[in-house]
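Chain by chain, the residues:
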Amino acid sequence: MAHILLRYGEIHLKGQNQRFFLDALVRNVRESIADLGRAQVRHAFGALVGRLRKIFGVVSLSPVQVASPVLPDIAGAAVDIVGAALRVRTGIATFKVDTRRADKRFPLTSMETSREVGQTVQHRFPQLQARMDDPDLLVRIDIRDQAYLSSETIPGPGGLPYGTGGRALALISGGIDSPVASWLGARRGVTIIPVHFHSFPFTSERSKEKVLDLCRVLAGYTGPLGVWIVFFTDIQRAIQLSVPDGLRVLVLRRMMMRIADRLAEQERAAAVITGENLGQVASQTIESIAAINAVTRLLVLRPVIGVDKMEIVARAEAIGTYEISIRPYEDCCSLFVPPHPRTQPGLGEADEAERGLPISALIDAAVQRSERLTITPRWARDTLPVGS
Ligand code: ATP
Ligand code: MG
């Protein structure tokens, strides 16, 4: 009978609160696979692993074979595992058996167990050589209530179980950075509520679809997400009419923050996550970020503030958002970018530039015309490939 062993890391450090984090982890695991029946689990093992490897808090996982904790059974299971690995992988010439013994009542030491099992494997597969350093195949044996054997370790995302770290809005633009920032926040256990500012017809319906697709990818890690699409067109028009062009992007961002403030009340969120990153563009100098920050009472989290672009791209590829983020689209702000944006606006300058704007009326109207959608993970709609 095939099982999957999940390993968690940081939760070990949580002392008194460990139970709280473990319960959340177990709940999230259950929910992520709740729609799979037994037959599907058996036929779509790959799909199952694909879901479990996205659960925050999981450091790694392994398909395992379970044997009763007596040497002959363990050795037999090891032979099965090695045989299976030889069938699916080419180029295995060397192997090693590594044992960990949580149950010290087991009569052999870890070393003795590894040696005994290794000899059985060697006897059965004479073409293989035992090698301690860098073997082609590592058979891990965990002896607990039962013995768990695995030959494959698949990395998980790490972090803390989703839902254990408070609530934050996540401002998602459709670019590369904000989905990564949102993911990093969620990986620390923060419940995220994505917010996208949409300026139809300045930006097309496709740019909204793009953001929803990004949210579907994120939902693969978090489970269903509540997503706000804010009607931003009128605000964009108003800014165009009354704000000097060098300060328009800055004012646009400040309006986003003010709306986030308002939505956060409804969502009982105390923080907002952005993909801001120092120095990338004119609106992301220290002076500009400070001027944006000045209009909100929320805690602003900027998980990628000091991360190099190449690293953000690598992360976006790993989590699966990159391909979507690079789809061509119109950014509401790029329509605005003047030849010479102000890079070091004073706080007073932004206030001055906003003088002609009916700020609270604009915010009320935008919030009123916003919609809140529920986005489910991509897999929730996929039919699982049988036999994968
Ligand atoms: P990204 O790659 O996330 O677009 P960026 O480096 O291009 O980031 P900007 O476009 O200047 O940066 O935006 C800074 C941040 O403001 C974004 O990371 C995002 O959090 C937020 N933001 C910008 N535009 C929008 C939008 N239309 N809807 C929601 N949030 C937005
Ligand atoms: Mg952008």
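Residues numbered from 1 in each chain as written. Chains lettered and ligands numbered in written order. Predicted model: local features only at pLDDT ≥ 70, side-chain atom pairs only at ≥ 80, totals over all residues. Heavy atoms only, no water.

Taking an unreviewed UniProt entry as the reference, the chain is identified by name as Probable tRNA sulfurtransferase belonging to Candidatus Segetimicrobium genomatis. Quoted verbatim from the Pathway (unreviewed entry) field of UniProt, the annotation for the chain is "Cofactor biosynthesis; thiamine diphosphate biosynthesis." Heading Subcellular location (unreviewed entry) of the UniProt record for the chain holds this comment: "Cytoplasm". (UniProt positions renumbered as here; feature names shortened; annotations may be inferred.)

Undergrad: Sorry if this is basic, but what is going on with the overall build of the chain here?
TA: Within the chain one finds 14 helices and 13 strands. For the C-alpha atoms alone, the extent of the chain along its principal axes is close to 85 × 40 × 40 Å. Taking all 388 residues of the chain together, 50% fall into the buried category. Here the chain displays about 18800 Å² of accessible surface, and carbon together with sulfur accounts for 53% of that area. (Helix = DSSP H or I, 4+ residues; strand = E, 2+ residues; numbered from the N terminus. Buried < 20%, exposed > 50% of the residue type's maximum accessible area, 1.4 Å probe, protein only. Areas by Shrake-Rupley, 256 points an atom, 1.4 Å probe, with all protein chains shown as cover.)

Undergrad: Explain the packing of helix α4 (residues 71-88) against helix α5 (residues 110-124) here, please?
TA: Any two packed helices are characterised by the angle at which their axes cross and by the distance between the axes. One can describe the packing of α4 onto α5 by two numbers: an axis separation of 9 Å at closest approach and a directional angle of 50°. Classed by the angle they form, the pair α4 and α5 counts as oblique. Note that α4 runs across α5; the crossing there is right-handed. Of α5, the residues touching α4 (which contributes Leu71, Ile74, Ala75, Ala78, Val79 and Val82) are Thr113, Glu116, Val117, Thr120, Val121 and Arg124. (Axes fitted to C-alpha atoms, helices over the stretch in contact; angles between N-to-C directions. Parallel < 35°, antiparallel > 145°, perpendicular 65-115°, else oblique. Left-handed = near helix turned anticlockwise from the far one by under 90°. Contact = heavy atoms within 4.5 Å.)

Undergrad: Sorry, what's going on with the UniProt feature "binding site: ATP" (unreviewed entry) in the chain here?
TA: Mapped onto this numbering, the UniProt entry annotates "binding site: ATP" (unreviewed entry) at Leu171, Ile172, His196, Phe197, Arg253, Gly275 and Gln284. Overall, leucine 171 belongs to the buried group, its relative accessible area being 12%. When sequence neighbours within four positions are dropped, the list of residues in contact with leucine 171 reads Ser178, Val195, Phe197, Met257, Ala260, Val272, Ile273 and Thr274. The topology assignment puts phenylalanine 197 in strand β9 (residues 191-198).

Undergrad: Explain a nonpolar patch on the surface here, please?
TA: Taken together, the side chains of Leu278, Ile286 and Ile305 define a hydrophobic patch exposed on the protein surface, amounting to about 260 Å² of accessible area. For leucine 278, the location among the structural elements is in the loop between β11 (271-273) and α10 (286-293). (Patch = residues over 30% accessible without salt bridge, like charges linked within 9 Å, V, L, I, M, F, W, Y side chains within 5 Å. Salt bridge = Lys/Arg side-chain N within 4 Å of Asp/Glu carboxyl O.)

Undergrad: Teacher, can you tell me more about unusual backbone geometry here?
TA: Following phenylalanine 200, the chain continues into proline 201 via a peptide bond in cis, with omega recorded as 5°. Here proline 201 is to be found in the loop between β9 and α7 (205-222). In the Ramachandran plot, aspartate 134 falls in the positive-phi region, its phi being about 50° despite a non-glycine side chain. Within the secondary structure, aspartate 134 sits in the loop between β4 (129-130) and β5 (137-143). One non-glycine residue, arginine 268, lies in positive phi territory at about 55°. With respect to the element layout, arginine 268 can be found in the loop between α9 (248-267) and β11. Look at arginine 268 and you get exposed, because its relative accessible area is 63%.

Undergrad: It is not clear to me how the nonpolar core should be interpreted in this structure. Could you clarify?
TA: Inside soluble globular proteins, nonpolar side chains tend to come together where they are buried. Within the largest apolar cluster, 37 residues are counted, with the highest numbers of intra-cluster contacts made by Leu169 and Ile259. Those elements that place two or more of their residues in this core are β8 (167-171), β9, β10 (225-231), α8 (233-242), α9, α10, α13 (347-353) and α14 (359-368). By residue number, the principal contributor to this core is α9, which donates ten residues. Beyond its immediate sequence surroundings of up to four residues, isoleucine 259 is in contact with Phe197, Val230, Phe232, Ile235, Ile363, Ala366 and Val367. Judged by nonpolar contacts, the second largest core, of 34 residues, contains Ile192, Val227, Ile319 and Ile375. (Core = buried A, V, L, I, M, F, W, Y, C linked by side-chain atoms within 4.5 Å.)

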